[in-house]
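Fold and contact review
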Amino acid sequence: MIQSMIAILDLGSTENARIAREIRALGVYSEIFAHDIAPEALKAVPGVCGVILNGGENRIVNGAAIDVDPAIFELGLPVLAVDHNSPAHAADLEKWPEDSKTVLDAFIVRCGAERNWNMENFIADQVELLRKQIGNRKVLLALSGGVDSSVVAALLIKAVGDRLTCVHVNHGLLRKGEPEQVVRVFKDEMGANLIYVDAVDRFLDKLAGVSDPEKKRKIIGAEFIRVFEEEARKLDGIELLGQGTIYPDIIESGTKTAKMVKSHHNVGGLPEDLQFELVEPLKMLFKDEVRACGKALGLPDDMVYRQPFPGPGLGVRCLGAITRDRLEAVRESDAILREEFARNGLQGKVWQYFTVIPDLKSVGVRNHERYEGWPVILRAVNTVDAMTATVEELDWKLIHTLTERITHEVSGVNRVLVDVTPKPTGTIEWE
Ligand code: XMP
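Since the model is a prediction, treat every value here as computed from it, not as a measurement.

A look at helix H10 (residues 287-296)
Those residues of H10 lying buried are Glu289, Val290, Arg291, Cys293 and Gly294. Contact partners of the buried residues in H10: helix H1 (16-25), helix H4 (119-134), helix H5 (147-160) and helix H11 (301-304). Just downstream of H10 lies Gly298, where phi reads positive at about 90°.

What follows is the structure, encoded as structure tokens:
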């Protein structure tokens, strides 16, 4: 089935992604293209039924205003030009109104677009496309248990079943219960070909005595690649590699006008000499669509609505040189925090929350005796894009419960502190 699609040509607007999302929310598929796409190429995009020229603040590139090929107007496709101040098309000049939904809705009608963008259709299309791309070949996937890799796994299992091999590397820095959940959901329930690699000792040995945060990150990243490569080389005849790339990764990697936000590394930054052809079924989805897709594929809610979790995991929350006892204390206190947040209706409401343990001890008292222990720091923040963040104002009663539980249930801890610092000046993580 070819679905209708509205093409957004990027003329330097920072609003491209928002507009694409709004169109999709109205039931029509939409994608962003570079402003200089050749008119023939645009006409040849499957399902294209309308074009939006989306101008904006980044319109001036190298001192000159960029523009589309005027032949775009001769393609016979309805064109909506917004904030598009080209003198040639001054008549089209319009600004996005407060309520762009009404304008977009009317434009969808003008394009005669079919409102058939939904998750059932997406999944059905992808299963067909994946089968076509993969054929009889085999696919490998690094399955971290994060939202994106989990949804890719579920989609590939549906499309090609046991021609998919998943590798889950447990580097010892995952949260409590995570490796077990990955094995339970994918191996036991979905019947995936899953290789579970217990690399805990290997990672912790490499990290022993390393206190510099950047060095810790580099060791974790490099070791991850090494472990994954070793597993990949043990397997014969695998030509394809699944990746959890999503649309914002592609948009952020830089269009011709937008400033590069960050260079995007694919999952685990796997080296090119592995020479795999990539399978990236989520590369046109926004995060909320990825979650909806996972839900439609039957993944559990706590996997699909999981809060963001950094690649280096608890390694950047066990401050300074990681020791096994302090790492366990981070893992246990994090589990208590998540449990209490869920119990108090804060799961899915607060963007990210976790515990941190610094490499210091203070004097305390337990059973009438002096007891030196670590403090646990509670951090709960809200943000839209992780560039800035505000602190969630926790209820005192909840803080008391957490203090009570953490100081009694987590070995080695004698104090609980609350981090009330927004970003800036703090970052979300401590390292
Ligand atoms: P910061 O600490 O920079 O964090 O305010 C912003 C967001 O990014 C996450 N984060 C990471 N994610 N690898 C990741 O995949 C990393 O090395 C990393 N460092 C921070 C952090 O959890 C927060 O959501």
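Thoughts on the packing of helix H7 (residues 200-207) against helix H8 (residues 213-234)
Following both chains from N to C, one finds H7 and H8 inclined at 145°, their axes separated by 10 Å at the closest point. In the crossing of H7 with H8, the sense of the turn from one axis to the other is right-handed. Residues Arg202, Phe203, Lys206 and Leu207 of H7 pack against Lys216, Ile219, Ile220, Glu223, Phe224, Arg226, Val227 and Glu230 of H8.

Side note on the packing of aromatic side chains
Within this structure, the stated rule accounts for five aromatic pairs. Summarising the aromatic geometry, the rings of Phe224 and Phe228 are spaced 6.3 Å apart at their centres and angled 10° between planes, so their arrangement reads as stacked. You can see Phe224 and its partner Phe228 sitting in helix H8, four residues apart, about one turn around the helix. For the residue pair Phe224 and Phe228, the accessibility class agrees, reading buried in each case. Ring geometry for Tyr247 and Phe286: centres 5.3 Å apart, planes at 65°, overall edge-to-face. Here the residue Tyr247 occupies a position in helix H9 (residues 247-252), and Phe286 occupies one in the loop between strand S11 (277-279) and H10, the gap between them amounting to 39 residues. Using a relative accessible area of 3% as the deciding quantity, one classes Tyr247 as buried. Taken together, the ring pairs connect Tyr29, Trp117 and Phe122 into an aromatic cluster.

With respect to unusual backbone geometry
Cis geometry marks the peptide bond from Lys423 to Pro424; its omega dihedral reads -15°. If you trace the backbone, Pro424 turns up in the segment after strand S16 (413-418). Pro424 connects to Thr425 through a cis peptide bond whose omega is 15°. The topology assignment puts Thr425 in the segment after S16. The phi angle at His368 is positive, at roughly 65°, despite the residue not being glycine. With respect to the helices and strands, the residue His368 is situated in the loop between strand S13 (362-366) and strand S14 (369-382). The phi angle at Ala386 is positive, at roughly 70°, despite the residue not being glycine. Tracing the backbone through its elements, the reader meets Ala386 in the loop between S14 and strand S15 (390-391). On the basis of relative accessibility, which here comes to 25%, the residue Ala386 falls in the partly exposed class.

Regarding the sheet that holds strand S10 (residues 238-242)
The strand order across the open sheet built from five strands is S9-S8-S7-S10-S11, with neighbouring strands paired in parallel fashion. Sheet topology places strand S9 (193-198) and S11 at the edges, where each strand pairs with a single neighbour. Each strand axis lies, on average, 30° off the axis of its neighbour in the sheet, ignoring direction. Pairing geometry for S10 and S11, over three bridges, is parallel. Residue pairing for S11: Gly242 is matched across the bridge by Val279. H4 contacts strand S7 (138-142), S10 and S11 of the sheet and is inclined by roughly 165° relative to S11.

A word on the sheet that holds strand S2 (residues 29-34)
Backbone-to-backbone hydrogen bonds pair the strands of a sheet. The strands run either parallel or antiparallel. Read from one edge to the other, the open sheet built from four strands follows the order S2-S1-S3-S6, with strand pairing classed as parallel. Each end of this open sheet is capped by a strand with a single partner; those strands are S2 and strand S6 (79-82). Averaged over all pairs of adjacent strands, the angle between strand axes in this sheet comes to 20°, irrespective of strand direction. Where strand S1 (residues 5-11) meets S2, six bridges bridge the pair, whose relative direction is parallel. The partner of Ile8 across the bridge, within S2, is Ile32. Relative to S2, H1 is tilted by about 155°, and along the sheet it contacts S1, S2 and strand S3 (48-55).

Calculation rules
- Residues numbered from 1 in each chain as written.
- Predicted model: local features only at pLDDT ≥ 70, side-chain atom pairs only at ≥ 80, totals over all residues.
- Heavy atoms only, no water.
- Buried < 20%, exposed > 50% of the residue type's maximum accessible area, 1.4 Å probe, protein only.
- Helix = DSSP H or I, 4+ residues; strand = E, 2+ residues; numbered from the N terminus.
- Contact = heavy atoms within 4.5 Å.
- Axes fitted to C-alpha atoms, helices over the stretch in contact; angles between N-to-C directions.
- Left-handed = near helix turned anticlockwise from the far one by under 90°.
- Phe/Tyr/Trp six-rings, centres within 6.5 Å; stacked < 30°, edge-to-face > 60°.
- Pairing = 2+ DSSP bridges.

Functional significance is not addressed by these values, which are geometric in nature.
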